[in-house]
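Residue-level listing of the chains:
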Amino acid sequence: MFLKVALLVLRKDVIIEIKSREILFTTLFFSVSCILVFSFAFVSEGQAVGDVAAGILWIAIAFSGTLALGRTFERERYGETLKALLLAPVARPAIYLGKLLGVVILLGLAELLLVPLVALLFSASLFARPLLLAALLLTGTIGFCAVGTLFAAMLVRARTRDVLLPILLYPITVPVMIAGVRGTAALLAAPPDEPVATMWIGLLMSFDVVFVTLALWTFEPLMTE
Amino acid sequence: MIADFDQISLVDVTRHFGRRRAVSRVSFAAGRGEIVGLLGPNGAGKSTLMGMLATLVSPSGGEVRYGQRGAGRDGPALRARIGLLAHELHLYPELSARQNLAFFASLYGVDGGVDGRVDGVDRVEAALQSAGLADRADDDVSGYSRGMRQRLALERALLHGPRLVLLDEPFTGLDDRAVGIVTDRLKRIASEGAIVVLATHDLDLAEGLVTRLVLLRDGRMIADEAAGPGLRTRYRALVGG
């Protein structure tokens, strides 16, 4: 039943997104713009200045993720539909899980465009170890979105939510960002440093378990006024 | 699991938001078949009280009881028997009426599985018929008028056959004919055993509909009595204006 509710919420979000395409397009536009701006600053005569590709990829993921999180819950604020979800006779953490899955999928789609773009513009060998890169992106995205989904839901009624979300989110997800950047940098090394990348993936998995567990545990009390 | 109940009771219920006292020591009870009118001027605490009855807001003090149960431990089971139509309509404008109702029917476990029927009734289709929206069921809600949304929101709130029906200004945006239909609907669900709590400023509509009157002012309950003729006069005498 728990998973069924989470999938119902996810399905509803996917249907709305397919109809409107609002969040996907704005997230893609923003993240591509972000990477292009960095490429103007850090790419000279077709060569990136220093090992910046990993950092830029994760900055773009964090910025576009913040945008996607804000917009996803803005939708639930309009018409107070989040209240309607909370009023349903279901385990409230399942609602959190459904929203989390939706944001992770959305950000995953954005990453499908971001990764080749960073690889192309910064001449980064991001596809040398595709499975390890996919694992890094997946675990990092889950960690970032796990915290972000909780905060975005908490702030849905706050007037200053657009300002507060990054202020609260970025400090807490610093470990995720560090692990993501260091793990990606290890994959970009020549030759790719697989043991180090694997170590960061393990660390990200630990973060994910901690963040998701804490969010599931605190969602209900935090959402009750 | 569904937790049914025959009565709701509020015992010295208080709610503070920071230093602001929204509701102070309110006590009343209501049983099946009653339509309780929750009346009072703006800021009287009606919406906060509705939020507490809906289990969305926790009381700072006192207790809300649903039969022998409290919202703290039996929240999800109780919510299966609570329907709320708030001032905001709890509808997704990007979805059609049918998609909105189908989503909430699934959440409440009344989607009926493969054939969509519960007790021989397709709840979603019945709700669309009842809202008078069967011919526009597949249009996005964003294209509906306020009255159409209001009718759809009422059906969404009643989709799962709630025991406790909480309605915050349910007549907003409705034309005379729709008001008559909604009024008859509320009387019927009350006669079928629901407890209806209705917060409204429209005293003319409340008169003849509500069977009990709970008057609030500045978060305090100033009257709890059987409704009768002369509601407006009574309201002016107690609340003023």
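Preceding this paragraph is the structure being described.
The residue numbers shown here count from 1 along each chain, following its written sequence. Going through the entries in the order they are written, you letter the chains from A and number the ligands from 1. The model is predicted, so local features are restricted to residues of pLDDT at least 70 and side-chain atom pairs to those at 80 or more, both for listing and for counting; the totals for chains, interfaces and linings are taken over all residues. To get the side-chain values, take all heavy atoms of the structure and skip hydrogens and water.

S.K.: Is there a simple way to think about the overall build of chain B in this case?
M.R.: When you go through chain B residue by residue, the secondary structure sums to eight helices and 12 strands. Whereas a compact globule of 241 residues would reach a radius of gyration of roughly 18 Å, chain B reaches 18 Å, a difference of no more than 12%. Two residues form a contact once any of their heavy atoms are found within 4.5 Å. Sequence-distant contacts in chain B: of pairs separated by 6 or more residues, those separated by 24 or more amount to 68%. For accessible areas, the Shrake-Rupley method is used with a probe of radius 1.4 Å. Any residue's cover is judged against the shown protein chains and nothing else. Element-wise, carbon and sulfur atoms account for 46% of the exposed surface of chain B, whose accessible area totals about 10100 Å². In chain B, 31 positive and 30 negative side-chain charges are present, and the distance between their average locations comes to 7 Å. The helix count covers DSSP runs of H or I at least four residues long, the strand count covers runs of E at least two residues long, and both are numbered beginning at the N terminus. We take the radius of gyration over the C-alpha atoms and set the globule estimate at 2.2 Å times the residue count to the 0.38 power. In this tally Asp and Glu are treated as negative and Lys and Arg as positive; neither His nor the chain ends contributes. The atom standing in for a charge is NZ when the residue is Lys, CZ when it is Arg, CG when it is Asp and CD when it is Glu.

S.K.: How do you make sense of the interface of chain B and chain A when you look at a structure like this?
M.R.: By a frequent convention, interface size equals the accessible area lost on bringing the separate parts together. Counting residues at the interface gives 29 residues for chain B, matched by 26 residues for chain A. Buried surface area refers to the total accessible area, computed with a probe of radius 1.4 Å, that the two partners give up upon joining, counted for both partners together. Interface of chain B and chain A: buried area, both sides summed, is about 2500 Å²; carbon and sulfur atoms make up 65% of it. If you sort the residues of chain B by the area they bury against chain A, Leu56(B), Arg79(B) and Leu107(B) come out on top, with a joint share of 26%. The closest approach of N and O atoms between Glu94(B) and Arg75(A), which form a salt bridge, is 3.8 Å. Secondary-structure elements contributing two or more residues to the side of chain B that touches chain A are strand E1 (7-17), helix H2 (71-79) and helix H3 (97-107) of chain B. When residues of the side of chain B that touches chain A are assigned to their parent elements, the largest contribution, five residues, is made by H3(B). Three classes are used, and their members are as follows: Ala, Val, Leu, Ile, Met, Phe, Trp, Tyr, Cys and Pro are nonpolar, Asp, Glu, Lys and Arg are charged, and the others, Gly among them, are polar. A per-class count over the side of chain B that touches chain A returns 16 nonpolar, six polar and seven charged. The rule for a salt bridge is simple: a side-chain nitrogen of Lys or Arg has to be within 4 Å of a carboxyl oxygen of Asp or Glu.

S.K.: Is there a simple way to explain the side chain of Thr200(B) in this structure?
M.R.: Residues and elements named next belong to chain B. Here Thr 200 lies in the loop between strand E10 (195-199) and helix H7 (203-206). Among the residues examined, Thr 200 registers a relative accessible area of 1% and is labelled buried. Reaching out from Thr 200, the side chain makes a polar contact with the side chain of Glu 169 at a distance of 3.2 Å. Setting aside its immediate chain neighbours within four residues, Thr 200 contacts Leu 38, Leu 39, Glu 169 and Ala 206. When a residue's accessible area, from a 1.4 Å probe over protein chains only, is under 20% of the maximum for its type it is buried; when over 50% it is exposed; and in between it is partly exposed. Any N or O atom pair separated by 3.5 Å or less is treated as a polar contact, with the protein-specific requirement of one donor-capable and one acceptor-capable atom, and with residues adjacent in sequence counted only for side-chain atom pairs.

S.K.: Would you explain the pattern of salt bridges in this entry?
M.R.: Where charged atoms from two side chains of opposite charge come close, those side chains can pair. Under the criterion given, the structure shown has 26 salt bridges over all chains. Glu74(A) is the salt-bridge partner of Arg77(A), the closest N and O atoms lying 2.9 Å from each other. Placement of both Arg77(A) and Glu74(A) in helix H3 (residues 53-77) is noted, with a separation of three residues, approximately one turn of the helix. Between Asp12(B) and Arg25(B) there is a salt bridge, and its shortest N-O distance comes to 3.6 Å. On the criterion of sequence distance, the pair formed by Asp12(B) in strand E1 and Arg25(B) in strand E2 (residues 20-31) is long-range, its members being 13 residues apart. The exposure class assigned to Asp12(B) is partly exposed, which follows from its relative accessible area of 32%. Taking the relative accessible area as the measure of exposure, Arg25(B) reaches 55% and is therefore exposed. Several salt bridges converge on common partners, so that one network encompasses Glu17(A), Glu22(A), Arg71(A), Arg75(A) and Glu94(B).

S.K.: For this particular structure, what's the right way to read the packing of helix H6 (residues 130-154) of chain A against helix H8 (residues 174-188) of chain A?
M.R.: Residues and elements named next belong to chain A. For every element, the axis is a line fit to its C-alpha atoms; helices are fit only across the contacting stretch, and the angle between N-to-C directions ranges from 0 to 180 degrees. At a minimum axis distance of 10 Å, the contact between H6 and H8 shows a crossing angle of 170 degrees. As summarised for this structure, H6 and H8 are arranged roughly antiparallel, according to the angle between their axes. Counted together, Leu 132, Leu 133, Leu 136, Gly 140, Gly 143 and Phe 144 of H6 and Val 176, Met 177, Ala 179, Gly 180, Gly 183, Thr 184 and Leu 187 of H8 form the full contact between these two elements. Comment on the angle field: the value is read as roughly parallel under 35 degrees, roughly antiparallel over 145, roughly perpendicular from 65 to 115, and oblique elsewhere.

S.K.: When you look at a nonpolar patch on the surface in this model, what are you seeing that I'm missing?
M.R.: On the surface, Phe30(A), Ile59(A) and Phe63(A) cluster together into a nonpolar patch covering about 230 Å² of accessible area. With respect to the helices and strands, the residue Phe30(A) is situated in helix H2 (residues 22-42). Residues with no salt bridge and a relative accessible area higher than 30% make up the patches, which join like charges within 9 Å and nonpolar side chains (Val, Leu, Ile, Met, Phe, Trp, Tyr) within 5 Å.

S.K.: Teacher, can you tell me more about the packing of H8(A) against helix H9 (residues 194-223) of chain A here?
M.R.: In helix packing, the relevant descriptors are the interaxial angle and the interaxial distance, both defined with respect to the helix axes. All names here are of chain A. Between H8 and H9, whose axes approach to 8 Å, the crossing angle comes to 160 degrees. Overall, the two elements H8 and H9 adopt an arrangement that is roughly antiparallel. Crossing of H8 against H9: the hand is left-handed. In this structure, H8 uses Pro 175, Val 176, Ile 178, Ala 179, Gly 180, Arg 182, Gly 183, Ala 186 and Leu 187 to contact H9, whose residues at the interface are Val 196, Ala 197, Trp 200, Leu 204, Phe 207 and Phe 211. Of the residues that constitute the contact of H8 with H9, the class distribution is 12 nonpolar, two polar and one charged. Here a crossing is taken to be left-handed if its near helix is turned anticlockwise relative to the far helix by less than a right angle, and right-handed if that turn runs clockwise.

S.K.: It is not clear to me how helix H4 (residues 123-131) of chain B should be interpreted in this structure. Could you clarify?
M.R.: Along an α-helix, a turn takes 3.6 residues, which lines up residues three or four apart on a common side. Residue and element names in this part refer to chain B. Residues Val 124, Ala 127, Leu 128 and Ala 131 constitute the buried set of H4. Along the axis of H4, the buried residues cluster in a sector spanning 100 degrees; they form a single face. Its side-chain oxygen at 3.1 Å from the backbone nitrogen of Val 124, Asp 122 defines the N-terminal cap of H4. Two residues or fewer after H4 comes Gly 132, characterised by a positive phi angle close to 70 degrees. The reported arc concerns the directions from the helix axis to the C-beta atoms and nothing else.

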